[in-house]
Amino acid sequence: MKKHNFNAGPCVLPRQAVESAIEAIRDFDGTGIGLLEISHRTPGWERIMAETEQLWRELLNIPEEYAVFFVGGGASTQFFQVPANLLKGKAAYLQTGVWAKKAAKEAKYYGDVEIVASSEDKNYTYIPKEYTIPTDADYFHITTNNTIYGTELHEDIDCPITLVADMSSDIMSRPVDVKKYGMIYGGAQKNVGPAGVTFVIIRKDLLGSSERKLQSMVDYATHYPDEARNRSMYNTPPVFPIFVMHETLKWVKELGGLEVMYKMNKEKAELLYNEIDRNSMFVGTAVKEDRSLMNVCFVMAPGKEDLQDEFFNFAKERGMVGIKGHRSVGGFRASLYNACPKESVEALVACMQEFENLHK
Ligand code: PMP
């Protein structure tokens, strides 16, 4: 049976990226040696690193004045690395979910943290709109897509101070005006590759701007020391996830880039949200205007709660994988990342319709 992968991350990847990774593990770049066995100093690998950075720059239209690099530790490491590098006195955070809350928690080790607004009162089912960004803060931190709750900031906001964004779960899903941000970071394991690599896009004037003494690995300047020695590879890069990222971004480029991804993502999300709104068995959890294109969260309609397990098994029997909602929301979550084909969304919609007919 065909499986439809709706996992929230790690998640479905473009088939061609997976296939070329398999081949590269056998024989990297015609060297007769596998990707996992080469030195990261070989010219073939240096080319992959350079091309990967170039793909990021091209796809996101990243201006010259930004550094792009790839490190380990996941987005969770950035939660403390951001304030270690950028927090001098006070930082401001928008609390739109537990990832945002965790980011703010780590910042408190380095200085004052102001939570400018939070949607915790309604289990993060919306994005707060009424708030003032304190101009005396060193930066304002946002989470553009809240993976667990299925809410998303649909625009690049105007910010009077340095804007820092965790884009772990919506990077490369739409065009982004990078110039509005001081820094963008995220774990790769949704739209850009497997787990094990973290992307960092940072305006160069923010590198080495910390007044505190930092350990080398924590200091962003280490990973992009100067123009001449960019891609420093200060330590061994996670070659496998970077390779898959390279192949994944090549696929994004071949399909036409982020405008095309955005169009496809809007179509897929609309298909599923329309069904949720139409189908008497289900209701969406996020407020409509903040609904995420990446993570679609829904629960059984009032009075139908007892059918939750039955639907879960019903969907499983029809090939749906990874649709269980996060424990803090319950119900279901279908993640529709770039590589999730429309055909999978159509299969889920058909399954929801079939389930409704069964219970009429
Ligand atoms: N931020 C967001 C929005 C996430 O969805 C996640 C989980 N994938 C994280 C941060 C944490 O990422 P990691 O597991 O790479 O530390």
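Preceding this paragraph is the structure being described.
Conventions we followed
- Numbering of residues starts from 1 in each chain and follows the order in which that chain's sequence is written.
- Two thresholds apply to this predicted model, a pLDDT of at least 70 for residue-level local features and 80 or more for giving and counting side-chain atom pairs, whereas whole-chain, interface and lining totals are computed over all residues.
- The basis for every side-chain value is the complete set of non-hydrogen atoms in the structure, without hydrogens or water.
- Only DSSP runs of H or I with at least four residues qualify as helices, and only runs of E with at least two residues qualify as strands; both kinds are numbered from the N terminus onward.
- Pairs of strands are assigned from DSSP output, requiring at least two bridges between the strands.
- With axes taken as lines fitted to C-alpha atoms, and helix axes fitted only over the stretch in contact, angles between N-to-C directions fall between 0 and 180 degrees.
- For this analysis, residues touch if any pair of their heavy atoms sits within 4.5 Å.
- One heavy atom suffices: a residue is near a molecule or strand as soon as one of its heavy atoms comes within 4 Å of it.
- Distance and chemistry together define a polar contact, namely a pair of N or O atoms within 3.5 Å, with one atom able to donate a hydrogen and the other to accept it when in protein, and with adjacent residues in sequence counting only for side-chain atoms on both sides.
- In this classification, the charged set is Asp, Glu, Lys and Arg, the nonpolar set is Ala, Val, Leu, Ile, Met, Phe, Trp, Tyr, Cys and Pro, and all remaining amino acids, among them Gly, are polar.

Just give me the short version of unusual backbone geometry, but keep the residues and values in it.
In this chain, glycine 9 is followed by proline 10 through a cis amide linkage whose omega measures -5 degrees. Among the secondary structure elements, proline 10 is positioned in the loop between β1 (4-5) and α1 (15-26). The phi angle at asparagine 61 is positive, at roughly 55 degrees, despite the residue not being glycine. With respect to the element layout, asparagine 61 can be found in the loop between α2 (43-60) and β2 (66-71). One non-glycine residue, tyrosine 124, lies in positive phi territory at about 55 degrees. Here tyrosine 124 lies in the loop between β4 (112-118) and β5 (139-143).

I'd love a proper account of the sheet that holds strand β14 (residues 332-335), names of residues and values included.
Backbone hydrogen bonds are what pair the strands of a sheet, in a parallel or an antiparallel way. Spatially, β11-β12-β14 is the arrangement adopted by the three strands of the open sheet, whose pairing is antiparallel. Sheet topology places β11 (282-284) and β14 at the edges, where each strand pairs with a single neighbour. Between one strand axis and the next, the sheet turns by 35 degrees as a mean value, whatever way the strands run. Alignment of β11 against strand β12 (residues 295-300), held across three bridges, turns out to be antiparallel. Counterpart to phenylalanine 282 in the pairing with β12 is methionine 300. On top of the sheet, helix α7 (residues 258-278) reaches β11, β12 and β14; it is set at about 15 degrees to β12, its chief contact.

Report on the sheet that holds β5, specifying residues and quantitative values.
With mixed pairing, the seven strands of this open sheet are ordered in space as β2-β10-β9-β8-β5-β3-β4. Strand pairing shows two members of the sheet lacking a second neighbour, β2 and β4, which therefore form its edges. When the angles between neighbouring strand axes are averaged without regard to direction, this sheet yields 15 degrees. Lying on the sheet, α2 is in contact with β2 and β10 (198-203); it crosses β2 at an angle near 130 degrees.

Could you give an account of the site of the ligand, with specific residues and numbers?
Taken together, 13 residues surround the ligand, and among them Ala75, Ser76, Thr147, Asp166 and Lys190 come closest. The separation between an oxygen atom of the ligand and a polar main-chain atom of alanine 75 is 3.0 Å. At 2.5 Å, a side-chain N or O of threonine 147 approaches an oxygen atom of the ligand. By residue number, the principal contributor to the shell around the ligand is helix α3 (residues 74-86), which donates four residues. When grouped by side-chain class, the residues that make up the shell around the ligand number three nonpolar, eight polar and two charged.

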